[in-house]
Amino acid sequence: MKIEKEKQISFFMIDLYYKHHKGLENERDDLKAYVALRLSKCPFGDKKTFCSNCKIHCYKPEYREQIRKVMRYSGPRMMFYHPILAVSHVFQSIKEKHKQKKEIKNDSKK
């Protein structure tokens, strides 16, 4: 369930990026296929965090840079195209970062 939600968000952001960067349709399709593959093979399954918050980086460096560029461009623009998805994504990201900090704090106490 969580992986499907992340695929939805990722695909939306990829589509938004390439909608404004014409002539790169092959690159878009390649990136979407790669993202779907990596998410489907995530070792954390439904307990996964956003890839940007993850301790393990499954993406090859060139794809990681490409998806980072897409996220940087699409993230702020999501509010205009899909505000509910954008707010949900930001809320979930903050929640996960808070949870990670809490886990790190608890681990350091042990």
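Our structure's up above, just so we're on the same page.
These numbers come from a predicted model, not from an experiment.

Student: Talk me through helix α2 (residues 25-40); I want residue IDs and the actual numbers.
Tutor: Taking 1.5 Å per residue as the helical rise, α2 with its 16 residues ought to reach 22 Å, and the 23 Å between its terminal C-alpha atoms agrees with that figure. Of the residues making up α2, those classed as buried are Leu31, Tyr34, Val35 and Leu39. Angularly, the buried residues of α2 cover 125° about the axis, an arc narrow enough to put them on a single face. Residues of α2 that are buried make contact with α1 (2-19) and α3 (61-81).

Student: I'd love a proper account of the nonpolar core, names of residues and values included.
Tutor: In this structure, Ile14, Leu31, Val35 and Val70 are the most contacted members of the largest nonpolar core, which totals 20 residues. When residues of this core are traced back to their parent elements, those giving at least two are α1, α2, α3 and α4 (83-109). Ranked by the residues each element gives to this core, the list is headed by α1, at 7 residues. The residues contacting valine 70, other than those within four sequence positions of it, are Met13, Ile14, Tyr17, Tyr18, Leu31 and Gly75.

Reading the values: rules and limits
Throughout, residues of each chain are indexed from 1 in the direction in which the sequence is written. Where totals are concerned, whole chains, interfaces and linings use all residues; where local detail is concerned, this predicted model gives features only for residues with pLDDT of at least 70, and gives and counts side-chain atom pairs only at 80 or more. Side-chain metrics in this entry use all non-hydrogen atoms of the structure; hydrogen atoms and water are not considered. A helix here means a DSSP run of H or I that spans at least four residues, while a strand means a run of E at least two residues long, and both kinds are numbered starting from the N terminus. A helix is expected to reach a length of 1.5 Å times the quantity of its residues less one. For every residue, the accessible area (1.4 Å probe, protein chains only) is compared with the maximum for its type, and the residue is labelled buried under 20%, exposed over 50%, or partly exposed between those bounds. Here, the arc refers to the directions that run from the helix axis to the C-beta atoms. Any pair of residues with heavy atoms lying within 4.5 Å of one another is described as a contacting pair. We define a nonpolar core as any set of buried Ala, Val, Leu, Ile, Met, Phe, Trp, Tyr and Cys residues linked to one another through side-chain atoms lying within 4.5 Å.

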